[in-house]
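# Topology and contacts: notes
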Amino acid sequence: MRTLTVPRVTVFIPVHNRQHYIASAVDSILAQTFEDFELLVVDDGSTDATLEVLSRYRDPRLRVECNSRNLGIPATRNRGLDLARGEYIALLDSDDKAWPNRLARQVEVLDRHPELVQIGSACDFMDANGRRLRKVRRQPLDPDEVDASLAFYCALTNRTIMARTAILREYRYNEDFPRCQDYELHQRLSRTQRMANLGDVLVCGREHDGRFTRQTDTLGRERKHEICRRALLELGIEPSEEDLDRHYALSRPQKLGTALNRDYLDWTEQWLAQLDAANRRTQRHVPEALLRVMTERWVQLCLHARRQLGPGAYLRLLRSPLARRLPAAGLRFLRTPRMNHLLRDHS
């Protein structure tokens, strides 16, 4: 009797009505330099020609499974976990594509680092027609900084993740989160597991108007608020709704507009000091890692605030106790002759 070979990696693509993009995603996996994988595509009740496109493939590594009805994203992701046969599971969205060395690079890292449950990467972007955009999303690399960053934003890009299948199957996606179920899972995992990112650009995300995230912005904001609330409670802080709104905005300064003013900067300095003190009591995050993450938030806020406050934003940045935690090289780009002149004038 013939024994089926178990692949090292299951590449999992959930799909719903992506007839124009699914072939690009599938082709990018079949062209990988690492060959010991299965490609599992779970169709979530597509009503367009997605299944017809998939039926044209004859590559034995491709498995296509169909939900009996439209289950939604988190339930489909859980079904993918149940069906995966690989030791590792690599995630990819149905409208994106992986660069050829993606699987090889991530398998190498997970093999070498058994302490990591997940490894993500940087990703670049293309438009609806596949034209490359001048945009790259980079995430924190160090596991301690990934952990601390999750208290502010989703510090792993889901389309880039390779994980240990058994552990993800144990934790599963929360089906109460039709949006941000990946962020919610990462935040739960972070309590006991270690995760990291690579600086390599291994995946290309497609930006188009049909993306689910673009169509459900309000729901996404609500779910991210809830994840941030849980992270703050783990620190021993029970935030007010106003504090939660402001905390959420710390990682999205471009959306603050005129609200990014002196009052908001005053609140931010006090709030980050409160987070630091709470973390030193609870030891939820490595204190130095949380400080680095908070200092990065502070720098980005002040740089965005210059549109509102002019040179005063730079002065606020350089004089803050948070800035003193940056290494000298980290502030070198701000120490221009103009900035030194402003500091002398206001000292």
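The structure reproduced in this document is the subject of the present report. Along each chain, numbering runs from 1 in the same order as the chain's sequence is written. Note on the predicted model: pLDDT of at least 70 is required for a residue's local features to be given, and 80 or more for side-chain atom pairs to be given and counted; whole-chain, interface and lining totals, by contrast, use all residues. Remark: hydrogens and water are excluded; side-chain values derive from all non-hydrogen atoms of the structure.

## Considering the packing of helix H11 (residues 262–282) against helix H12 (residues 287–309)
So the rule is basically this: Axis definition: a line fitted to C-alpha atoms, over the contacting stretch in the case of helices. Angles run 0 to 180 degrees between N-to-C directions. Counting from the N terminus, the helices are the DSSP runs of H or I reaching at least four residues and the strands are the DSSP runs of E reaching at least two. Put simply, angles under 35 degrees are roughly parallel, angles over 145 are roughly antiparallel, angles from 65 to 115 are roughly perpendicular, and the rest are oblique. Should any heavy atoms of two residues lie within 4.5 Å, those residues are counted as being in contact.
Contact geometry for H11 and H12: axes closest at 11 Å, N-to-C directions at 180°. In terms of their interaxial angle, H11 and H12 are classed as roughly antiparallel. For the pair formed by H11 and H12, the contact residues are Arg262, Tyr264, Leu265, Thr268, Glu269, Leu272, Leu275, Asp276, Asn279 and Arg280 on the first element and Pro287, Leu290, Leu291, Met294, Trp298, Leu301, Cys302, Ala305 and Leu309 on the second.

## Describing the packing of helix H10 (residues 241–249) against H11
Threshold: In this classification, Asp, Glu, Lys and Arg are treated as charged, Ala, Val, Leu, Ile, Met, Phe, Trp, Tyr, Cys and Pro as nonpolar, and every other residue, Gly included, as polar.
For the pair H10 and H11, the least separation of the axes is 11 Å and the interaxial angle reads 95°. Overall, the two elements H10 and H11 adopt an arrangement that is roughly perpendicular. Facing Asp243, Arg246, His247 and Ala249 of H10, the residues of H11 in contact are Tyr264, Trp267, Trp271 and Leu275. Here the contact of H10 with H11 is composed, by residue class, of five nonpolar, one polar and two charged.

## Quick word on the side chain of asparagine 78
Looking at the element boundaries, asparagine 78 is found in helix H3 (residues 73–83). Aside from chain neighbours lying at most four places away, what touches asparagine 78 is Arg172, Tyr173 and Glu175.

## Brief notes about H3
Working note: α-helix, 3.6 residues per turn, so residues spaced by three or four point in the same direction. Applied cut-off: Per-residue accessibility, obtained with a 1.4 Å probe over protein chains only, is compared with the maximum for each type, and a residue is labelled buried under 20%, exposed over 50%, and partly exposed between these values.
Regarding H3, the residues found buried are Pro74, Ala75, Thr76, Arg77, Asn78, Gly80 and Leu81. The inward-facing, buried residues of H3 contact strand S1 (9–15), strand S2 (37–43), strand S4 (88–91), helix H6 (165–171) and helix H7 (181–189).

## Some remarks on the state of the cysteines
Just so we agree on the cut-off: Pairs of cysteine sulfur atoms within 2.5 Å are what we label disulfides.
On inspection of all chains with the given rule, the structure shows zero disulfides. Of the cysteine sulfurs around cysteine 180, a residue in no disulfide, the closest is that of cysteine 154, at 7.8 Å.

## A few points about the pattern of salt bridges
Worth spelling out the cut-off: We define a salt bridge as a side-chain nitrogen of Lys or Arg found within 4 Å of a carboxyl oxygen belonging to Asp or Glu.
Using the criterion set out here, one finds 31 salt bridges in the structure. Of the charged contacts, one joins arginine 230 and glutamate 184 as a salt bridge, the two residues approaching to 2.9 Å between their closest N and O atoms. Of this pair, arginine 230 sits in helix H9 (residues 217–234) while glutamate 184 sits in helix H7, and the two are 46 residues apart along the sequence. With a relative accessible area of 23%, arginine 230 lands in the partly exposed category. Judged by relative accessible area, glutamate 184 falls into the buried class, the value being 2%. Through salt bridges with shared partners, a single network forms among Glu184, Arg188, Glu226, Arg229, Arg230 and Glu241.

## Focus on the packing of aromatic side chains
Quick note on the threshold: Here a pair means two rings of Phe, Tyr or Trp (six-membered ring of Trp) with centres within 6.5 Å. Their orientation is stacked below 30 degrees between planes, edge-to-face above 60, and tilted elsewhere. Whether a charge lies above a ring is judged from NZ of Lys or CZ of Arg, which has to be within 6 Å of the ring centre and within 35 degrees of the ring normal.
The tally for this structure, following the rule as stated, stands at two aromatic pairs. Between tryptophan 267 and tryptophan 271 the ring centres are 5.3 Å apart and the planes differ by 15°, which places this aromatic pair in the stacked class. Of the two residues, tryptophan 267 and tryptophan 271 are both situated in helix H11; the distance of four residues between them amounts to about one turn of the helix. Ring-pair connections join several aromatic residues into one group, and the members of that group are Tyr264, Trp267 and Trp271. Lying over the aromatic face of tyrosine 173, arginine 77 brings its terminal NZ or CZ to 6.0 Å of the ring centre. Of note, lysine 135 hangs over the ring of phenylalanine 125, and the distance from its end group to the ring centre comes to 4.5 Å.

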